Amino acid sequence: MKFVAVIRQVPDGESKLKIQGDRVDLSGATMILDQMDEYAVEEAIRLKEKHGGEAVVVGFGPERTEEAIRTALAMGMDRGVHVVYEGFADPVAVAEALVEVLKEEAPTLVLTGGQQADWDSQALGGTLAEALGVPVVAWTTALELEGETAKAKHDLDEGAEWVRVRLPAVFTTQQGLNEPRYPTLPGIMKAKKKEIRKVQASLTPKVTLISEEIQEKSRLGKILDGKDPVAAAEELVRLLHEEAKVI
């Protein structure tokens, strides 16, 4: 069996980003393995530990993405493949760039984060499944292998459902599926010696990035008079509706 986790590197949510020209400048940002993808990595390791086989991490992105791949290797993945691409690529283009690598690996199943932090998009899992011509189960919170099929728990807005799919298949992961382990010092040392195969991406982005901007949030600085609680509540509702536009 072979379990593949598809990962990307994204800015840490605590990083201070800035705009240089019309682009977000990442030179001073701390870059990390996407936290949603951590669940994919952890699940691939657990499946390998339970069923045997191999756990492979496939990363897409610029040269610095190797850092995120090394993190996954330090967690326990066996080897890595880095599909190298500098610049912006939309999910459909990324899936098309990854499909040949994934077909070559011939995995039992593919796991990737349910939502990509930098894109704020849920599209990658579905586009990977379409490119591979296999089923997809999104927002997976439980996963069990049963012969040539898998049983998975899929989250809904008001509950959950269990589904069964024939393998190979793609599963997108989220919090609740598992608790990702931290890389240990021995794991970090071993990761330095593990193989990372480099593949140059060949793709034509379907979306052209024109410019980027960072949302600036400012405080209104308004203090309501609390002497009349009813009037204060009415004024608060008005402000939230007319100025903050959140209700």
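Residues numbered from 1 in each chain as written. Predicted model: local features only at pLDDT ≥ 70, side-chain atom pairs only at ≥ 80, totals over all residues. Heavy atoms only, no water.

By the naming in an unreviewed UniProt entry, the chain goes by Electron transfer flavoprotein subunit beta and is assigned to Thermus parvatiensis.

Quick look at the UniProt feature "domain: Electron transfer flavoprotein alpha/beta-subunit N-terminal" (unreviewed entry) in the chain
Short version of the rule: UniProt positions are given in the numbering used here, feature names are shortened, and annotations may be inferred rather than shown by experiment. The way it works is that DSSP assigns letters per residue, a run of H or I at least four long becomes a helix, a run of E at least two long becomes a strand, and they are numbered from the N terminus.
UniProt records the feature "domain: Electron transfer flavoprotein alpha/beta-subunit N-terminal" (unreviewed entry) for residues 21-208 in the present numbering. The span residues 21-208 carries 32% helix and 33% strand; its end-to-end C-alpha distance comes to 17 Å.

Observations regarding the nonpolar core
Condition: Side-chain atoms within 4.5 Å are what join buried Ala, Val, Leu, Ile, Met, Phe, Trp, Tyr and Cys residues into a set we call a nonpolar core. Note on exposure labels: buried denotes an accessible area under 20% of the residue type's maximum, exposed denotes more than 50%, and partly exposed covers the range between, all computed with a 1.4 Å probe on protein chains only. Only heavy atoms matter for contacts: two residues are in contact if any of them lie within 4.5 Å across the pair.
One finds Val 41, Met 77, Leu 109, Leu 111, Leu 143 and Phe 171 to be the most contacted residues of the largest nonpolar core, which totals 31 residues. Taken together, the elements giving at least two residues each to this core come down to strand S1 (2-7), helix H1 (35-51), strand S6 (54-61), helix H2 (65-75), strand S8 (109-113), strand S9 (136-146), strand S10 (149-156) and strand S12 (169-173). Considering each element in turn, this core owes the most residues, 6 residues, to H2. With residues up to four places along the chain from it excluded, the contact list for Phe 171 reads Leu 109, Val 110, Leu 111, Thr 112, Val 137, Thr 140, Leu 143, Ala 150, Ala 152 and Val 165. Ranked by size, the runner-up nonpolar core spans 25 residues in total, among them Ala 93, Ala 95, Leu 102 and Val 110.

Description of the packing of helix H3 (residues 91-105) against helix H4 (residues 123-132)
Think of two packed helices as two axes; the pair is described by the angle between the axes and how far apart they sit. As a reminder, the rule being used: Lines are fitted to the C-alpha atoms to define the axes, a helix being fitted only along its stretch in contact, and any angle between axes, read from their N-to-C directions, falls within 0 to 180 degrees. Oblique is the label for any angle not covered by the other classes, which are roughly parallel (under 35 degrees), roughly antiparallel (over 145) and roughly perpendicular (65 to 115). Each crossing gets its hand from how the near helix is turned against the far one by less than a right angle, where anticlockwise is left-handed and clockwise is right-handed. Basically, the charged four are Asp, Glu, Lys and Arg, the nonpolar ten are Ala, Val, Leu, Ile, Met, Phe, Trp, Tyr, Cys and Pro, and anything else, Gly included, counts as polar.
Relative to each other, H3 and H4 sit at 50 degrees, their axes nearing to 8 Å. Here H4 runs oblique to H3, going by the angle between their axes. Handedness of the H3/H4 crossing: right-handed. From H3, Pro 91, Val 92, Val 94, Ala 95, Leu 98, Val 99, Leu 102 and Lys 103 reach across to H4, where they touch Ala 123, Leu 124, Thr 127, Leu 128, Ala 131 and Leu 132. Of the residues belonging to the contact of H3 with H4, the class tally is 12 nonpolar, 1 polar and 1 charged.

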